[in-house]
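Spelled out from the first residue to the last, the chains are:
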Amino acid sequence: MNTVTLRDSGLLLADGKAVDSRPLMFLSAQVQLAAECTLRSYFRMIAHYPIFSEFNVFFSTCMETYRSCPVGGCHDPSLDFLILTKTIEMIGFPGNPRLEIYHSLYGVQDNDLSEIRLFTLELLLDVPLKLGKLKHVVFGDKIDKFEFDTVFTLFEFIDAIVWELSFHGLLLACDIRR
């Protein structure tokens, strides 16, 4: 699988070279994060590649909120890092079983997960950002969860984060009816 690396500056690298044009051709590539990436790196990427902001209705408000935040020091000391996870859950058995696949963004401190809705964007921008594992939940059995290494495509990464931010109270307004 092709890979792209997100740098702290928001620039994407493919094969060690900056992606300067045609970033859409990398949407299906596996995304990797440079060690120094934070949530601010994500927003810098959206600012650098504005076509990505057309993926989701929440980007305009999200970017507005980002631009109103301080240029540094946006790190809640109660968080070690943010982690983006992927979950595959088999539900509805007995009956009509179905499979749901979704992403979640959590704050982590001492291996404990916290919902990000408890924090404002100003407290999250400079928190280190990591990609997590895939969790497989079978018919609601939260005890016997399976965890696997997985990949995130660039599209999943972009869309999952803005979607999570839009529903966790980080945006000043979250009104899909506009």
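Residues numbered from 1 in each chain as written. Predicted model: local features only at pLDDT ≥ 70, side-chain atom pairs only at ≥ 80, totals over all residues. Heavy atoms only, no water.

Student: Got a minute to help me understand the sheet that holds strand 8 (residues 129-138) in this structure?
Tutor: Taking strand neighbours across the sheet as the criterion, the 5 strands line up as 7-6-5-8-9 in an open arrangement whose pairing is mixed. Two strands lie at the open edges of the sheet, namely strand 7 (112-115) and strand 9 (146-148), each paired on one side alone. Looking at each pair of strands side by side, their axes are set apart by 40° on average, direction ignored. When strand 6 (residues 98-109) meets strand 7, the two strands line up antiparallel, connected through 4 bridges. From the neighbouring strand, Gln109 faces strand 7, where its bridge partner is Asp112. (Pairing = 2+ DSSP bridges. Helix = DSSP H or I, 4+ residues; strand = E, 2+ residues; numbered from the N terminus. Axes fitted to C-alpha atoms, helices over the stretch in contact; angles between N-to-C directions.)

Student: Would you explain the side chain of Glu164 in this entry?
Tutor: As for its placement among the helices and strands, Glu164 is situated in helix 3 (residues 154-166). Despite its burial, Glu164 remains without a salt bridge, the nearest opposite charge being carried by Arg117 at 8.9 Å. Within polar-contact distance, the side chain of Glu164 engages the backbone nitrogen of Leu105 at 3.4 Å. In contact with Glu164, not counting residues within four places along its chain, are His103, Ser104, Leu105 and Ile116. (Buried < 20%, exposed > 50% of the residue type's maximum accessible area, 1.4 Å probe, protein only. Lys, Arg positive; Asp, Glu negative; His and termini not counted. Salt bridge = Lys/Arg side-chain N within 4 Å of Asp/Glu carboxyl O. Polar contact = N/O pair within 3.5 Å; in protein donor to acceptor, adjacent residues only side chain to side chain. Contact = heavy atoms within 4.5 Å.)

Student: When you look at the nonpolar core in this model, what are you seeing that I'm missing?
Tutor: Side chains of a nonpolar character, in soluble globular proteins, are inclined to be buried together. Judged by nonpolar contacts, the single largest core of 45 residues is most densely connected at Tyr42, Phe43, Met45, Leu154 and Phe157. Mapped onto this core, the elements with two or more residues apiece are strand 1 (3-6), strand 2 (12-14), strand 4 (30-33), helix 1 (39-48), helix 2 (59-68), strand 5 (81-91) and helix 3. With 7 residues, the single largest contributor to this core is helix 3. Leaving out residues up to four positions away in the same chain, Met45 has contacts with Leu6, Gly10, Leu12, Phe52, Leu154, Phe157 and Ile158. (Core = buried A, V, L, I, M, F, W, Y, C linked by side-chain atoms within 4.5 Å.)

Student: It is not clear to me how the packing of aromatic side chains should be interpreted in this structure. Could you clarify?
Tutor: The geometry of two aromatic rings is summed up by the distance between their centres and the angle between their planes. One pass over the structure, following the stated rule, counts 8 aromatic pairs. On the numbers, 5.5 Å between centres and 55° between planes, the contact of Phe55 with Phe155 is tilted. You can see Phe55 sitting in the loop between helix 1 and helix 2 and its partner Phe155 sitting in helix 3, a full 100 residues away along the chain. In this structure Phe55 comes out as partly exposed when scored by relative accessible area, which is 25%. Classification of Phe155 as partly exposed rests on a relative accessible area of 36%. Both rings, one in Phe58 and one in Trp163, keep their centres 6.0 Å apart while their planes meet at 65°; by these two values the pair is edge-to-face. Here the residue Phe58 occupies a position in the loop between helix 1 and helix 2, and Trp163 occupies one in helix 3, the gap between them amounting to 105 residues. Overall, the relative accessible area of 40% leaves Trp163 in the partly exposed class. Among the aromatic residues, those joined into a cluster by ring pairs are Tyr42, Phe43, Phe59, Tyr66 and Phe157. (Phe/Tyr/Trp six-rings, centres within 6.5 Å; stacked < 30°, edge-to-face > 60°.)

Student: Help me understand helix 2, please; the structure alone is not making it clear to me.
Tutor: Residues spaced three or four apart along an α-helix point in a common direction, a consequence of the helix completing one turn every 3.6 residues. Looking only at helix 2, the buried set comprises Phe59, Thr61, Cys62, Met63, Thr65 and Tyr66. Considering only its buried residues, helix 2 is in contact with helix 1 and helix 3.

Student: What is the right way to look at the packing of helix 1 against helix 3 in this model?
Tutor: Helix-helix packing is described using two parameters, namely the angle between the two axes and the distance between the axes. Taken N-terminus to C-terminus, the directions of helix 1 and helix 3 make an angle of 110°; their axes are 12 Å apart at the nearest point. The orientation of helix 1 with respect to helix 3, classified from their angle, is roughly perpendicular. For the pair helix 1 and helix 3, the sense of crossing is left-handed. Side by side, helix 1 and helix 3 meet where Leu39, Tyr42, Phe43, Met45 and Ile46 of the first sit next to Leu154, Phe157, Ile158, Ile161, Val162 and Leu165 of the second. In the contact of helix 1 with helix 3, the residues fall into 11 nonpolar, no polar and no charged. (Parallel < 35°, antiparallel > 145°, perpendicular 65-115°, else oblique. Left-handed = near helix turned anticlockwise from the far one by under 90°. Nonpolar A, V, L, I, M, F, W, Y, C, P; charged D, E, K, R; others polar.)

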